[in-house]
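Structural overview for review
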Amino acid sequence: MKIDWVFFRLAILCFGVLSAVSYFPLSAYASPEVVRSVVTGGVIALIHLVMGYVAIETGFEKSHTKFLKIVIGGMGVRLFFMVALFFVLVRFFEYDSLSLTLTLLVLYLVNLGLEVHHLQKRVSTKHPTLQL
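These figures come from a predicted structure and were not determined experimentally.

**Some words on helix 1 (residues 5–29)**
End to end, helix 1 covers 36 Å across 25 residues, agreeing with the expected 36 Å (1.5 Å per residue, within 8%). Along its length, helix 1 shows its largest kink, about 40°, at Ser22, and proline Pro25 lies within four residues downstream of that point. For helix 1, the set of buried residues is Phe7, Phe8, Ala11, Phe15 and Leu26. Close packing links the buried residues of helix 1 with helix 2 (32–59) and helix 4 (97–126).

**Structural notes on a nonpolar patch on the surface**
The grouping of Leu98, Leu102, Leu105, Leu109, Leu112 and Val116 at the surface amounts to a nonpolar patch, some 560 Å² of accessible area in total. Judged by relative accessible area, which is 53%, Leu109 ranks as exposed.

**Focus on the packing of aromatic side chains**
Considering all chains together, one arrives at eight aromatic pairs under this definition. Taking 5.1 Å as the distance between ring centres and 15° as the angle between the ring planes, the aromatic pair formed by Phe7 and Tyr53 counts as stacked. Of this pair, Phe7 sits in helix 1 while Tyr53 is found in helix 2, placing the two residues 46 residues apart along the sequence. Residue Phe7 shares its accessibility class with Tyr53, and that shared class is buried. Between Phe80 and Phe81, the ring centres sit 5.6 Å apart and the planes meet at 70°, which makes this aromatic pair edge-to-face. Overall, the relative accessible area of 55% leaves Phe80 in the exposed class. In this arrangement the basic side chain of Arg122 is found over the ring face of Phe60, its NZ or CZ atom lying 4.1 Å from the centre.

Rules and cut-offs
- Residues numbered from 1 in each chain as written.
- Predicted model: local features only at pLDDT ≥ 70, side-chain atom pairs only at ≥ 80, totals over all residues.
- Heavy atoms only, no water.
- Helix = DSSP H or I, 4+ residues; strand = E, 2+ residues; numbered from the N terminus.
- Expected span 1.5 Å × (residues − 1).
- Bend = angle between axes of the 7 residues up to and from the residue.
- Buried < 20%, exposed > 50% of the residue type's maximum accessible area, 1.4 Å probe, protein only.
- Contact = heavy atoms within 4.5 Å.
- Patch = residues over 30% accessible without salt bridge, like charges linked within 9 Å, V, L, I, M, F, W, Y side chains within 5 Å.
- Areas by Shrake-Rupley, 256 points an atom, 1.4 Å probe, with all protein chains shown as cover.
- Salt bridge = Lys/Arg side-chain N within 4 Å of Asp/Glu carboxyl O.
- Phe/Tyr/Trp six-rings, centres within 6.5 Å; stacked < 30°, edge-to-face > 60°.
- Lys NZ or Arg CZ within 6 Å of the ring centre and 35° of its normal.

So this is what it looks like as structure tokens:
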């Protein structure tokens, strides 16, 4: 599998901008528990993004049916593990549920946008006449 470094540079840029924007409010006003929850949510979101990238790259050259099974099924599996990990962190490790939820929600939406952008770019390079 060939790695698309442009995608990862864009992902790092997005996460970097979000980190820079949230640094001052977190460092000035948030408790250590909130900061720990936000950082953990960021790590979980990055893992989620990498797994989504792998699903897209794995299924892209396959038939449409297999591709959809891999990507949509993979999305369901990733969401299940993310929610399970969320409940374990909140219940057993006493993470702040609000900050963890908001971090995961915002970064999930960013990840979704990055994955759609990557997929659209892959489709347009495979079929140049299918510009979306």
